[in-house]
Amino acid sequence: MNHKQSPAAAGALALERADQLKYGDPQQPPPDMAPRKETALRSFGSDTRVPTLAAVLDIIRERTTVSRVELAEATGLTQATMTRAVRKLLAMGFVHEVGTARSNGGKPRRLLELQPEAHYQIGIQFDRFASAAVLVDLAGRIVARRKLPGPGERGPEEVLAEFAEAVQAMLDAASVDRSKVLGIGLATHGPQDRDAGVLLTPQPTPKWLRFPIAATLSDLTGLPVVIENDATAAGIGLQARGDAASSFAVVFMSGGIGSGLIIDGHPYRGSTSNGLELGHISVDAVGPRCDCGNRGCVDNVASPIAVAGQAMANPDMVARLGLGKGALTDFSAIGRAALAGDPDAAALIELSAQRLSIATTTLVNLFDIGRIVLAGSAFAEIGTVYRDTVQQVLDVSVFMRHVHGTRVELADNITEAAAVGGAVVVLRNQLEAPTIGD
């Protein structure tokens with residue numbers, strides 16, 4: 001079997017031959033911030049080694065069974081490097097040999113296959129209004145899940161204790177021993193300090209600012225914990241379940257709006273892993289002032305929180321749709337009403353979708369993207385309207401539209417993509433630990 005080398009593989013080979021990336025520390029912590037301490041899981045994609053083992057495992061997962069020669073061809077890695085990588089994956093129990101391929105006269109090629117039940121990872125996505133937890137095997141399959149209430153106005157101690165209970169419940173439901181779990185990935189909003197495991201924003205309440213959420217949840221569960229931006233996590237989760245060499249952008253909408261970018265199978269991060277803040281692209285230069293300091297940010301005028309706030313200013317809509325139950329719940333009610341033909345609700349959703357389309361056009365123009373995936377709980381019921389509107393706008397507004405089209409689609413696991421991605425980040429960090437396989 002002869003496979004063409006993927007762009008991701010070519011990139012991995014080039015990076016393998018380069019020096020270790022050093023992004024430096026362009027953003028010094030505030031004077032009152034506690035000294036940073038090492039966490040059990042490192043931040044994948046920022047000051048890390050080339051993800052050779054992760055790339056190899058992704059290809060094995062994608063192709064089901066594959067030989068070492070095919071892996072070398074697919075990744076562009078040398079036979080020696082591939083042999084070392086496979087030896088490490090075998091020693092960890094992540095893969096095993098399952099016979100040989102038909103020979104054309106030479107030595108039969110031994111085939112490798114993933115062992116999905118060798119280890120598991122847990123992902124938890126949360127924002128102020130919604131939370132979801134998943135237990136995922138090495139193949140990326142969800143073997144247990146829990147839908148949880150959002151933090152709301154509650155403090156981190158109460159919410160993290162609830163997450164710890166959900167972790168135990170999933171392990172019990174799937175009959176998975178805790179010793180097989182590699183760790184927990186928390187996918188949430190930014191800005192965040194992923195190395196320190198803290199949020200650098202007083203959201204959802206001031207108590208969350210710099211609270212040690214990773215260390216606290218680790219203490220409660222006895223498992224390593226890493227945090228990840230929710231939109232980036234959604235991209236990682238989608239990429240892990242599809243083409244290992246794919247390139248696409250995610251527009252993530254739950255309570256707010258964010259985005260993530262996967263380039264040749266690897267997440268784009270920027271200098272502090274807080275990039276691609278789509279929600280803070282201005283779509284109205286004289287619009288309302290945003291907490292970020294800008295005016296008319298798409299998050300302020302088009303997010304579920306914004307749409308719910310606009311609807312609350314219409315007493316007739318409030319009474320007719322039974323609003324006032326929380327931003328995301330109200331947004332879902334407005335979306336259902338729009339689909340049912342309510343003109344006021346349809347107007348709000350259409351305005352939100354148009355404004356989101358403007359910001360998405362900017363994203364596509366900046367990165368020359370050919371695929372946009374919509375993910376997040378806010379798209380669960382009304383996603384088709386946003387998909388169609390964004391597609392229509394991109395078709396006539398993207399600068400490179402005469403060179404290539406940009407496809408807009410809804411994620412298959414639209415409400416759990418970020419949680420799955422949080423789990424995948426745990427696996428990738430484990431694979432790229434400095435002493436892995438030694």
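Structure: see above.
Computed from a predicted structure; not experimentally measured. (Residues numbered from 1 in each chain as written. Predicted model: local features only at pLDDT ≥ 70, side-chain atom pairs only at ≥ 80, totals over all residues. Heavy atoms only, no water.)

**Student:** Could you clarify how one ought to interpret the packing of helix α11 (residues 327-339) against helix α13 (residues 379-397) in this entry?
**Tutor:** The relative placement of two packed helices comes down to the angle between their axes together with the axis-to-axis distance. Contact pair α11 / α13: the axes reach a minimum separation of 9 Å and the direction vectors enclose 55°. What the angle tells us is that α11 and α13 run oblique. Considering only the axes of α11 and α13, their crossing is left-handed. On α13, the residues that touch F331, S332, G335, R336 and L339 of α11 are E381, I382, V385 and Y386. Of the residues assigned to the contact of α11 with α13, the class counts are five nonpolar, two polar and two charged. (Axes fitted to C-alpha atoms, helices over the stretch in contact; angles between N-to-C directions. Helix = DSSP H or I, 4+ residues; strand = E, 2+ residues; numbered from the N terminus. Parallel < 35°, antiparallel > 145°, perpendicular 65-115°, else oblique. Left-handed = near helix turned anticlockwise from the far one by under 90°. Contact = heavy atoms within 4.5 Å. Nonpolar A, V, L, I, M, F, W, Y, C, P; charged D, E, K, R; others polar.)

**Student:** Hey, could you run me through the nonpolar core in this one?
**Tutor:** Note on soluble globular proteins: their nonpolar side chains tend to be buried together. If you look at the biggest cluster of nonpolar residues, it comprises 93 residues, and the most contacted ones within it are L71, L89, F94, I372, Y386 and L431. It is helix α14 (residues 417-431) that contributes the most residues to this core, ten residues altogether. What I372 contacts, discounting residues up to four positions off in sequence, is A249, V251, T360, L363, V364, L394, T406, R407, V408 and E409. Listed in part, the 29 residues of the second largest apolar core include V167, I184, L199 and W208. (Core = buried A, V, L, I, M, F, W, Y, C linked by side-chain atoms within 4.5 Å. Buried < 20%, exposed > 50% of the residue type's maximum accessible area, 1.4 Å probe, protein only.)

**Student:** Just to check I follow, could you spell out the packing of helix α9 (residues 304-312) against α11 for this structure?
**Tutor:** Running from N to C, α9 and α11 cross one another at 70°; their axes reach a closest spacing of 8 Å. Judged on the interaxial angle alone, α11 and α9 are roughly perpendicular. Here α9 contributes P304, I305, V307, A308, A311 and M312 to the contact with α11, which in turn contributes A327, L328, D330, F331 and I334. Split into classes, the residues belonging to the contact of α9 with α11 amount to ten nonpolar, no polar and one charged.

**Student:** Looking at this structure, how should I read the packing of aromatic side chains?
**Tutor:** Two numbers describe a pair of aromatic rings. These are the distance of the centres and the angle of the planes. For the structure on display, the rule yields five aromatic pairs. When the centroid spacing of 5.5 Å and the interplanar angle of 40° are considered together, the rings of F126 and W208 count as tilted. Of the two residues, F126 is situated in strand β4 (residues 120-126) and W208 in the loop between β9 (198-199) and α6 (213-221); the sequence distance between them amounts to 82 residues. There is no split in this pair, since F126 and W208 are both buried. Aromatic ring contacts, followed pair by pair, group F126, F163 and W208 into a single cluster. (Phe/Tyr/Trp six-rings, centres within 6.5 Å; stacked < 30°, edge-to-face > 60°.)

**Student:** What's the story with unusual backbone geometry in this structure? I'm lost.
**Tutor:** Note the cis peptide between G190 and P191, where omega equals 0°. Tracing the backbone shows P191 in the loop between β7 (181-188) and β8 (192-193). A cis amide bond links Q203 to the next residue, P204, at an omega of 5°. When you line up the elements, P204 lands in the loop between β9 and α6. The phi dihedral of T64 is positive, around 75°, even though this residue is not glycine. Among the secondary structure elements, T64 is positioned in the loop between α2 (52-63) and β1 (65-67). Positive phi, normally seen in glycine, also occurs at R210, with a value near 60°. Examined against the element boundaries, R210 turns out to sit in the loop between β9 and α6.

**Student:** What should I look at first to understand the pairing of strand β15 (residues 407-410) in this one?
**Tutor:** The two faces of the sheet receive side chains in turn, since in a regular strand these alternate between them. When strand β14 (residues 371-375) meets β15, the two strands line up parallel, connected through four bridges. Bridge pairing in β15 links R371 to R407. Taken together, β14, α13 and β15 form a β-α-β motif whose crossover is right-handed. (Pairing = 2+ DSSP bridges. Right-handed = clockwise from strand over helix to strand, strands pointing away.)

**Student:** What's the story with α14 in this structure? I'm lost.
**Tutor:** For the α-helix, the turn length of 3.6 residues means that residues three or four positions removed from each other point alike. When the terminal C-alpha atoms of α14 are compared, their 21 Å separation across 15 residues agrees well with the 21 Å that a helix rising 1.5 Å per residue should span. In terms of burial, α14 is largely enclosed, as 14 of its 15 residues are buried. (Expected span 1.5 Å × (residues − 1).)

**Student:** Would you mind showing me how to read the sheet that holds β7 here?
**Tutor:** Two modes of strand pairing occur in sheets, parallel and antiparallel, and in both the strands are linked by backbone hydrogen bonds. Strand order in the open sheet formed by five strands is β6-β5-β4-β7-β10, with mixed pairing between adjacent strands. The strands lining the two open edges of the sheet, one partner per strand, are β6 (142-149) and β10 (225-229). Taking each pair of neighbouring strands and ignoring which way they run, the sheet shows an average axis angle of 20°. Pairing analysis gives five bridges linking β7 to β10, with the strands arranged parallel. When the sheet's bridge partners are listed, L186 is paired in β10 with I227. Its contacts with the sheet put helix α5 (residues 156-174) on β4, β5 (130-137), β6 and β7, and the angle it makes with β6 is roughly 150°.

**Student:** Whenever I open this one, helix α7 (residues 230-240) confuses me. Can you help?
**Tutor:** With eleven of eleven residues buried, α7 lies mostly within the body of the structure. Taken together, the buried positions of α7 are occupied by D230, A231, T232, A233, A234, G235, I236, G237, L238, Q239 and A240. Put simply, N229 is the residue that caps the front of α7, since its side-chain oxygen is 3.0 Å from the backbone nitrogen of A231. (Polar contact = N/O pair within 3.5 Å; in protein donor to acceptor, adjacent residues only side chain to side chain.)

**Student:** Could you clarify how one ought to interpret the sheet that holds strand β3 (residues 110-114) in this entry?
**Tutor:** Overall, antiparallel pairing links the three strands, which are arranged β1-β3-β2 in an open sheet. In this open sheet, the two edge strands, each paired with only one partner strand, are β1 and β2 (95-100). Mean inter-strand twist for the sheet, computed between neighbouring axes without regard to direction, equals 40°. Here β2 pairs with β3 via four bridges, running antiparallel. Pairing of V95 across the sheet is with L114, part of β3.

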